[in-house]
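# Observations on the three-dimensional arrangement
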Amino acid sequence: HKKAFTTYHPSLVKKAVHLLRNPFDNLVSRFHHELKEHAKRSDTAQWMKRYPNSIKGFKTWCADQDARYHREERSVDWTTWSHDDNNNLLNYFEGVACHAEF
């Protein structure tokens, strides 16, 4: 099954629909997408062993995503994104599961 991307000339577009979802629903959808993508690859068994389609697998995947981007997050000057000079935006990420996905 090959993916096909289609584009339309902007003059053909008359309306747009914006969907708003709970961000945590998006996380679950992202996890399910990763499950489907890895099912197509040669690393399926190894990936599924670490991240089974369960709450435990989801939590492990989230923790691994957070750890994966930890160094990159620490290298950003988050004060440039804050309205309060004494506030570091990175502090708000603490305790938020899968915050790298946001």
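No experiment lies behind these values; they were computed from the predicted model shown. (Residues numbered from 1 in each chain as written. Predicted model: local features only at pLDDT ≥ 70, side-chain atom pairs only at ≥ 80, totals over all residues. Heavy atoms only, no water.)

## Brief notes about the overall build of the protein chain
Filter applied, for reference: Secondary structure elements are taken from DSSP: a helix is a run of H or I of four residues or more, a strand is a run of E of two residues or more, and numbering for both begins at the N terminus. In this treatment the radius of gyration is a C-alpha quantity, and the globule benchmark scales as 2.2 Å times the residue count to the 0.38 power. Only protein chains enter the area calculation, which uses a 1.4 Å probe; residues under 20% of their type maximum are buried, those over 50% are exposed, and those in between are partly exposed. Any two residues having at least one pair of non-hydrogen atoms within 4.5 Å are treated as being in contact. Per-residue and other accessible areas follow the Shrake-Rupley method at a 1.4 Å probe size, with only the shown protein chains counted as cover for residues.
When you go through the protein chain residue by residue, the secondary structure sums to 4 helices and 0 strands. The N-to-C order of helical and strand elements in the protein chain reads α-α-α-α. Since a compact globule built from 102 residues should have a radius of gyration of about 13 Å, the 18 Å found for the protein chain marks it as more spread out than a globular shape. C-alpha atoms of the protein chain, sized along the principal axes, occupy 50 × 50 × 25 Å. Among the 102 residues that make up the protein chain, the fraction classed as buried is 22%. In the protein chain, 48% of the contacts between residues at least 6 apart in sequence involve partners at least 24 apart. Surface exposure of the protein chain reaches about 8,900 Å², of which carbon and sulfur atoms provide 55%.

## Topic: a nonpolar patch on the surface
The line we're drawing: Patch rule: a residue counts if its relative accessible area is over 30% and it has no salt bridge; like charges are joined within 9 Å, and nonpolar side chains (Val, Leu, Ile, Met, Phe, Trp, Tyr) within 5 Å. Put simply, a salt bridge is a Lys or Arg side-chain nitrogen that is within 4 Å of an Asp or Glu carboxyl oxygen.
Where nonpolar side chains cluster on the molecular surface, the patch consists of Tyr8, Leu12 and Val13 and spans about 370 Å² of accessible area. With respect to the secondary-structure elements, Leu12 resides in the segment before helix H1 (23-39). Residue classification places Leu12 among the exposed residues on the basis of a relative accessible area of 59%.

## With respect to the layout of surface pockets
Note the following rule: Cavities and pockets were defined on a 1 Å grid built from protein atoms only: a cavity is a group of points that admits a 1.4 Å probe but offers it no way out, a pocket is an open group of points flanked by protein on both sides within 12 Å along at least five of seven lines, and a lining residue is one with an atom within 4 Å of any such point. Grid points are joined across faces, edges and corners, and a volume is the space filled by probe spheres set on the points. Classification used: nonpolar for Ala, Val, Leu, Ile, Met, Phe, Trp, Tyr, Cys and Pro, charged for Asp, Glu, Lys and Arg, polar for all others including Gly.
When its volume is computed, the largest pocket comes out at roughly 190 Å³. What lines the largest pocket is Tyr69, Glu72, Glu73, Val76, Trp78, Phe93, His99, Ala100 and Phe102. The class makeup of the residues in the lining of the largest pocket is 6 nonpolar, 1 polar and 2 charged.

## Overview of the pattern of salt bridges
Evaluation of the coordinates by the stated rule reveals 3 salt bridges. Of the charged contacts, one joins Arg30 and Glu34 as a salt bridge, the two residues approaching to 3.5 Å between their closest N and O atoms. With a gap of 4 residues between them, Arg30 and Glu34 both fall in helix H1, about one helical turn apart. Overall, Arg30 belongs to the partly exposed group, its relative accessible area being 34%. What makes Glu34 buried here is its relative accessible area of 16%.

## Some words on the side chain of Asp66
Position of Asp66 relative to the elements: it lies in helix H3 (residues 55-68). On the accessibility criterion, Asp66 (16% relative accessible area) is buried.

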